[in-house]
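Summary of structural features
Each chain, letter by letter, is given below.
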Amino acid sequence: MNAADAIAILPLLIVTGAAIAIMVSIAICRDYMVTAAIALAGCAAAFGSIWIAAGQVPRQVTPLLVVDHYALFYFGLILAAGMGFVLLAYDYLCECESGRDEMYILMLVATLGAMVLAASSHWVSLFLGLELLSVSLYGMIAYLHTRPLPIEAGVKYLVLASVSAAFLLFGIALLYTAMGTMELPRMAALLNSGVPFDRALVLPGLALVITGLGFKLGVVPFHLWTPDVYEGAPAPVTGFIATVSKGAIFAVLIRYFYQSGARGFTPIFVVFFIIALASMIAGNILALLQRNVKRMLAYSSIAHLGYMLVAFEAGGTLGPAAVTFYLAAYFVTTLGAFGVISALSTHGNELELLDDYRGLFWRRPALACVFTAMLFSLAGIPLTAGFIGKFYLVAAGASAALWTLVIVLVVMSGIGLFYYLRVVITMFGGAEMSRASEPRIQLAPNVVLTVLVVLLFWFGILPQTLLRVVRAAVAGLV
């Protein structure tokens, strides 16, 4: 690896250095504020270094990583979410008696794993990135070990993530047996060259890979862990899982299945068609039945991943751009929704039941308005980023004549509006709790939520800037 390669992967190096710096800082003297500052500065420096790395792209850095505009776009999304997590978790963890600092080490390692996934061009780097992300999430989910729900959620995620990794490894083994390589570009060349290959190994291998990635995404029928983990994990961690983890896996899905041409295989197309259909229907119907806000958002996330699969199925030049734009809007909206929950919660008392939000507007009008804006974006109400994102998804599906998926997307979005409005109506209803029962909102969550609201309406009213960046990012994939 030469100097140009090092510059290309500079964001990865900075995040790694920040994690090591926190370890050294903790070993010398524990100071929670210093630890959080190092984590925030590391993510911010890595985010800023994206513009430096952009001068070297596209660049193949060893056979394992490819740094291109697509990878850099996802680096930006992941690092922005990481900065948001640091600020949201700071006050949330302040009441922990001890052991607060290690959460930021886990977060930085998980962020590094997600970034490796976005830049992977080899099955080995893909699996290493996936394990860096997953193993860190085990600890983040179960971090508040004095409470029963985080431990239960961490164990469930550990078991199911291990099973999904086994499926993924078996699928990779079958693909390697059939093609003799684990480099994604060479696999793509073999699949597109017309050279005969053993379909009896390739198709089952792809099916197992989809199964492994499907568990990580939490789409139907691999979704059973999602509501329990969302409910049990600390609120800032839930927001991190819903954005960084899901976004990194979708980045891998788009890169591999588009560049390899595997998406064009009829059996693979049918599999994703069924998954998209089932995720949209099951996610929305199950969300209707929830009285727990975190579980409702968990099932809602399943539905939103189904929406993204509609554009993923559409392909062409519009499909990957629509998915990537929607992911950016989804990051903003979901991080904002869980940011409100984090701001209202403490590590010992999370406001997650619907009744906990009754009359919130009359006690915390600013937070209630922010939460309302995020829910409206998830529902696809005009002037929000979610509306532009859904419009883009529908346009992509219509351009490929996927009318069944488009109709289901529209109908299920209408159903989703009901349970989002139920939360809004509850917040604007009569107050039942006194102001004294609410935690004092600190500066850091206010800053994060303010930035997210600005982005929410900026992308919804003036989306041209983000659209240009998205189109440039996905230009090399199609």
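Residues numbered from 1 in each chain as written. Predicted model: local features only at pLDDT ≥ 70, side-chain atom pairs only at ≥ 80, totals over all residues. Heavy atoms only, no water.

Quick look at the overall build of the protein
A tally of regular secondary structure across the protein gives 21 helices and two strands. Taken over C-alpha atoms, the radius of gyration comes to 21 Å for the protein, in line with the 23 Å a tight globule of 478 residues would show. If you line up the protein on its principal axes, its C-alpha atoms span 70 × 55 × 40 Å. Out of the 478 residues in the protein, the part that is buried amounts to 60%. (Helix = DSSP H or I, 4+ residues; strand = E, 2+ residues; numbered from the N terminus. Rg over C-alpha atoms; globule rule 2.2 N^0.38 Å. Buried < 20%, exposed > 50% of the residue type's maximum accessible area, 1.4 Å probe, protein only.)

A word on the pattern of salt bridges
Counted by the stated rule, this structure contains ten salt bridges. Across the pair R59 and D5 runs a salt bridge whose closest N-O atoms are separated by 2.5 Å. Taken together, the positions of R59 in strand β1 (residues 59-61) and D5 in helix α1 (residues 3-8) put the pair 54 residues apart, joining distant regions of the chain. Here D5 falls in the buried class, since its relative accessible area comes to 8%. With a closest N to O distance of 3.1 Å, R30 and D101 form a salt bridge. Here D101 lies in the loop between α5 (69-92) and α6 (102-119) and R30 lies in the loop between α2 (10-28) and α3 (32-48), a separation of 71 residues in the sequence. (Salt bridge = Lys/Arg side-chain N within 4 Å of Asp/Glu carboxyl O.)

Here's the deal with α5
Helix length check: α5, at 24 residues, gives a terminal C-alpha distance of 35 Å against a target of 34 Å (1.5 Å per residue), a fit within 8%. Most of α5 sits inside the fold, with 20 of its 24 residues counted as buried. (Expected span 1.5 Å × (residues − 1).)

What about the nonpolar core?
Of all hydrophobic cores here, the largest spans 182 residues; its most connected members are W123, F250, Y256, F257 and L375. The greatest single-element share of this core, amounting to 18 residues, is contributed by helix α15 (residues 318-344). (Core = buried A, V, L, I, M, F, W, Y, C linked by side-chain atoms within 4.5 Å.)

With respect to the packing of α15 against helix α21 (residues 464-474)
At a minimum axis separation of 9 Å, α15 and α21 run at an interaxial angle of 130°. One element, α15, and the other, α21, form an angle in the oblique class. Pair α15 / α21 crosses with right-handed handedness. Here P320, A321, T324, F325 and A328 of α15 come into contact with α21, specifically with L466, L467, V470 and V474. For the contact of α15 with α21, the class distribution of residues is eight nonpolar, one polar and no charged. (Axes fitted to C-alpha atoms, helices over the stretch in contact; angles between N-to-C directions. Parallel < 35°, antiparallel > 145°, perpendicular 65-115°, else oblique. Left-handed = near helix turned anticlockwise from the far one by under 90°. Contact = heavy atoms within 4.5 Å. Nonpolar A, V, L, I, M, F, W, Y, C, P; charged D, E, K, R; others polar.)

As for the packing of aromatic side chains
One pass over the full model with this rule turns up 25 aromatic pairs. Residues F361 and F428 carry aromatic rings whose centres are separated by 4.6 Å and whose planes lie at 20° to one another, so their mutual orientation is stacked. Highlighted residues: F361 in helix α16 (residues 360-363) and F428 in the loop between α19 (403-427) and α20 (443-461), separated in sequence by 67 residues. Take F361: its relative accessible area is 21%, and that puts it in the partly exposed class. Residue class for F428 comes out partly exposed when judged on its relative accessible area of 33%. (Phe/Tyr/Trp six-rings, centres within 6.5 Å; stacked < 30°, edge-to-face > 60°.)

A word on the packing of α5 against α21
Closest axis-to-axis distance for the α5/α21 pair is 7 Å, and the angle between their directions is 135°. In this view, α5 runs oblique relative to α21, as classed from their interaxial angle. Of the two possible hands of crossing, α5 and α21 adopt the one that is left-handed. For the pair formed by α5 and α21, the contact residues are H69, Y70 and F73 on the first element and L466, V469, V470, A472, A473 and V474 on the second. Of the residues belonging to the contact of α5 with α21, the class tally is eight nonpolar, one polar and no charged.

Re unusual backbone geometry
With an omega dihedral of -5°, the bond running from V57 to P58 counts as a cis peptide bond. For the peptide bond that leads from V220 to P221, omega is 5°, which places it in the cis range. Tracing the sequence through the fold places P221 in the loop between α10 (199-217) and α11 (225-232). If you check the backbone angles, L383 has positive phi at about 80° while not being a glycine. The residue L383 is located in the loop between α17 (365-379) and α18 (385-399) in this model.

Nothing here speaks to function; it is geometry throughout.
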